[in-house]
Every structure is written in C-alpha cells, then in structure tokens.
Amino acid sequence: MMLSQPLDDPPHPRSGFTRSWSLPAPAKTRPSLGNTARPRLKRTTKELGMNQSRPGGNRPWPKSRQGAGEQNEGRLPGLRLRCVFLAWLGVFAGSWLVYMRYSSYSELCRGHICQAVICDQYHKGIISGSICQDLCELRLVEWRTCLSAAPGQQVYSGLWRDKDVTIKCGIEEALDSKAQSDAAPRRELVLFDKPTRGTSIKEFREMTLSFLKANLGDLPSLPALVGQVLLMADFNKDNRVSLAEAKSVWALLQRNEFLLLLSLQEKEHASRLLGYCGDLYLTEGVPHGAWHAATLPPLLRPLLPPALQSALQQWLGPAWPWRAKIAIGLLEFVEELFHGAYGTFYMCETTLANVGYTATYDFKMADLQQVAPEAAVRRFLQGRRCEHSADCTYGRDCRAPCDRLMRQCKGDLIQPNLAKVCALLRGYLLPGAPADLREELGTQLRTCTTLSGLASQVEAHHSLVLSHLKTLLWKKISNTKYS
C-alpha cells in the first residue's frame, strides 16, 4: 500500500518500512489532428515547483517570456542609473540658474546701499532736500519692489506719506569694486563737488544757465527754467540757497531723467516730481505697464521669451479701445517732444516696457532715462569716427548715417521719434483691431514707419501723418465709454 507522503519521510513507527510516493497517473493526452499522440515530456520537481508558482495552471512559463524577464532585470539597473543621473543633472542646472538669477538680482537691486550713502551725506551736512528728514530720520519712505534695469540706476516702487511713489537713485560710485570700502567719501568728492564753498547765488545761477545751454541748446526759455531750479533748491522757502541745497540740485541736474522731468513738468504725459534728497528723488507711482511681464518678479522677467511676452500683452492687456486711447496719448507725447518749449527730445529706446498708463488708461511715460535732448545727441555724434551706421548710435536706437567718405557721423537721425513709435504700435494696435479699421490702420502705420529723420521731411510730413493717425483712432472710440 503506497501513501502520499513526502519522499524523505522517516519509517512509520508501527509498520517498520519506508514510505514512498509516486506521481499521479498521467492524464489522457488529447490527440492531435494528425491522429498522432504528442510525446509527453517528463517534468522534474523543479519544474513542478515553477508550475505551482504560476497561477491558473501547471504549464511552465514560456522560454521567450523567461528570457524577456531576465533581459528586463538586466536592463533595470542601467535604466535606474540613467534616471538618477538625469534627475541630478536637472537639479544641478536648476540650482545654477537660480544662483545666476539671484546674483543678477542682488547686483541690480541695492536700494539699501543707496539709502545708506544718501543718509550718510545728509547727516554730514553735505546734501539737503525736501524729503531728507522723512527718508533718513523719520523713516517715512518705504522701499518696496525693485524695478532696476541697471546697477547704476536704482529704481524702486515705494510708499511715502500714503502715496504710491517711484524712488530713483544713482549709485555708480558706490558700486565700484575698488571703492566699496570708501563709497561715501567718493560720492562726496565726485558727485557733490559743485558748487564749491564761497560761490555766490549769482555765480550759481550763471553756472546753471551754462549747463542747461550745453544740454538743451541756446533757447530763449532757459532763464525761466533756471528760475524753477532755484525755487526747487530753496525747498524750505527761506529765500536763500544754502551750499548743501545747491550741491543737491547740481547733482540732480547731472541725471538725464531729472533734467527731462524738470523740462516736461507742465506736460500731462510725464510723471510729476514729488521731492528729493541729494540726487535721490521721488516721482508719482509707477503707472500700469503696457506689457504684463513688468508685473512679474525681477527673477522671472528674463526667463520670458519675446513671443510669450507678446502673447501675454495680448491676452492679459487692456481691451482694444483702451489700447487705442493709450496709443493716442503716446502720439501726443511724441508731439510734445517735437519742438517743445525747451527744444526737441529724442526717444532712444522705444519699447513697450516704457509705455505706461494710469487707472483711467491715460498714457504716462514710465521711464524717461532714454529720452535725450537733441543738443546732447548732436554733441555726441558730431565728428564721431565711424565705419558704418552702427557706430553712430546714441542710446539703443538713436542712429545716424555714417559718411563713409569722410568716415564721420552725420547729424540727422535715420528715424524720427514718430517712425519708431509707429513701428511699436503695429504690434500693439493691429492684433484685435476692428475689422473695418484694420486695413486702413495698417496702411497708415506702414506709411508712418517709412518716415525719414531728415530735417526737410520732418516739419510738414511728420505733423501730417501724426494728425491722421490720431484722428483715425479718435473717431473709432469717440462718443463711447472709452473716450
């Protein structure tokens, strides 16, 4: 009698013989179509164990699947290694990008240095101004978002006596690596060196008039502008200008944007000057940007490609009628720069980043740093050696032709302000423009962009094209809520 016990069981204590077992009788094999029986292969115990581990039957795993599994197991360590390497590379690249952006941010945004240097000069009695006490003693000027585009010109949004303001200050000397240990003494010696002690008010007036003539041209309106400078210097209204007040105003005049703010104070499209301390000054709050990348943190702005910036401007920007109103204000600003009371000014960086507007969609020039007086541009170009027109460039896009025979820059610019503004407006106004206006508007903007900077064309043709554009846009939005 055979019992189904394990193969190596000990002898039964009662029977005295060794138990053994045999495999169950094989099942009947199914005949094939050719009436030949398939030969049965003997299976080992190892195969039986493998069959028992496979659910759903006693058939062994196919050899092809066994090989694929072994191959996958061989590939798995290499795949994991690649994933780990790529993850490490991504973390390294991201960390390096963040580090570089942070480094550039820390280089651009140094308002704390600017305030420290200005207040140091104020406490020493070297400078003065209408907001020095609020800035350095009462701490009523709150520095908020950094808007600087260059390390030498610090720009921040801020709050002063419950007003939104823009804070601007230059710290070129303080950023000099060789002078960081004595930044304040260098500013005292270099920036606040004029006028010297013993200068009379008459001498200071003449000095200011000569400076304005050199930068704005010999204009009959300059004496009135000198009077404004002296009134601003006497901020405490004691009918006298101290040496500290005179040094502060003289330092401010060296700032191109401040000079333009002073010249355009009566114009509605320039920000209003609110106060100053040394060469630090406050203007009205930052207007809304025409492109919405300006509202992003400074670390993220450089990461946006131009195509995405343009898409953001169209998706998130104002409705087309509001854009038309902003464009009319920009054209009026171009008109104000052309033969104004204090001469002609050139826009030497025409980008949407400089186009701003108020809460009621009235145009405001967001940045005047790249608007230059005609006299300053001509003085820069006069007698300048050149090989091609690129050598005759003032700022970013104020370019004059090069006389290759004489190898000197000519005085007239290749493009006037209006031509550059029209090229800007083509991408700002044409997307989303009404169908009945798009063709005519596109034609006028194309005509406008072909304007030349030659003096013979500027006088009549310039004014005519500008007038037609303003009229076309105004007709479309007049008698509506957008007007």
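Data block above holds the structure.
Just so we're clear, the structure is a prediction, and the values are computed from it rather than from any experiment.

With respect to the sheet that holds strand β5 (residues 280-284)
Pairing is antiparallel across the open sheet formed by 5 strands, whose spatial order is β1-β2-β3-β5-β4. The open sheet has two free edges, formed respectively by β1 (141-146) and β4 (273-277), since each of these has just one partner strand. Neighbour-to-neighbour, the strand axes of the sheet open up by a mean angle of 30°, direction not taken into account. Of the pairings in the sheet, the one linking strand β3 (residues 163-170) to β5 comprises 4 bridges and is antiparallel in character. Of the residues in β5, the one forming a bridge with Thr166 is Thr283. Packing against the sheet, helix α9 (residues 256-263) makes contact with β3, β4 and β5, and its axis sits at approximately 45° to β5.

A look at the pattern of salt bridges
Considering all chains together, one arrives at 16 salt bridges under this definition. When the shortest N-O distance is used, the salt bridge between Glu142 and Arg144 registers 3.3 Å. The shortest N-O distance in the salt bridge between Glu387 and Arg407 comes to 3.7 Å. Taken as a pair, Glu387 in the loop between α12 (374-381) and β11 (393-394) and Arg407 in the loop between β13 (402-403) and β14 (408-409) lie far apart in primary sequence, 20 residues in all.

Observations regarding the state of the cysteines
The final tally for this structure, using the stated rule, is 8 disulfides. Disulfide pairing places Cys119 opposite Cys136 at an S-S distance of 2.1 Å. A torsion of -90° about the S-S bond marks the disulfide between Cys119 and Cys136 as left-handed. Of this pair, Cys119 sits in helix α3 (residues 111-123) while Cys136 sits in helix α4 (residues 132-136); the two residues are 17 residues apart in sequence, bridging distant segments of the chain. As far as burial versus exposure is concerned, Cys119 and Cys136 are alike and both buried.

Describing the nonpolar core
Judged by nonpolar contacts, the single largest core of 67 residues is most densely connected at Leu253, Leu418, Leu425, Leu441 and Leu473. By residue number, the principal contributor to this core is helix α11 (residues 320-337), which donates 10 residues. Counting 24 residues, the second-largest nonpolar core is a separate cluster that includes Ile118, Val141, Trp160 and Cys277.

Overview of the packing of helix α6 (residues 201-216) against helix α8 (residues 243-253)
Between α6 and α8, the least distance of the axes is 12 Å, while the angle of their chain directions is 5°. Overall, the two elements α6 and α8 adopt an arrangement that is roughly parallel. From α6, Phe204, Met207, Thr208 and Phe211 reach across to α8, where they touch Ala246, Trp250 and Leu253. Of the residues that constitute the contact of α6 with α8, the class distribution is 6 nonpolar, 1 polar and no charged.

Reading the values: rules and limits
- Residues numbered from 1 in each chain as written.
- Predicted model: local features only at pLDDT ≥ 70, side-chain atom pairs only at ≥ 80, totals over all residues.
- Heavy atoms only, no water.
- Pairing = 2+ DSSP bridges.
- Helix = DSSP H or I, 4+ residues; strand = E, 2+ residues; numbered from the N terminus.
- Axes fitted to C-alpha atoms, helices over the stretch in contact; angles between N-to-C directions.
- Contact = heavy atoms within 4.5 Å.
- Salt bridge = Lys/Arg side-chain N within 4 Å of Asp/Glu carboxyl O.
- Disulfide = S-S within 2.5 Å.
- Buried < 20%, exposed > 50% of the residue type's maximum accessible area, 1.4 Å probe, protein only.
- Core = buried A, V, L, I, M, F, W, Y, C linked by side-chain atoms within 4.5 Å.
- Parallel < 35°, antiparallel > 145°, perpendicular 65-115°, else oblique.
- Nonpolar A, V, L, I, M, F, W, Y, C, P; charged D, E, K, R; others polar.

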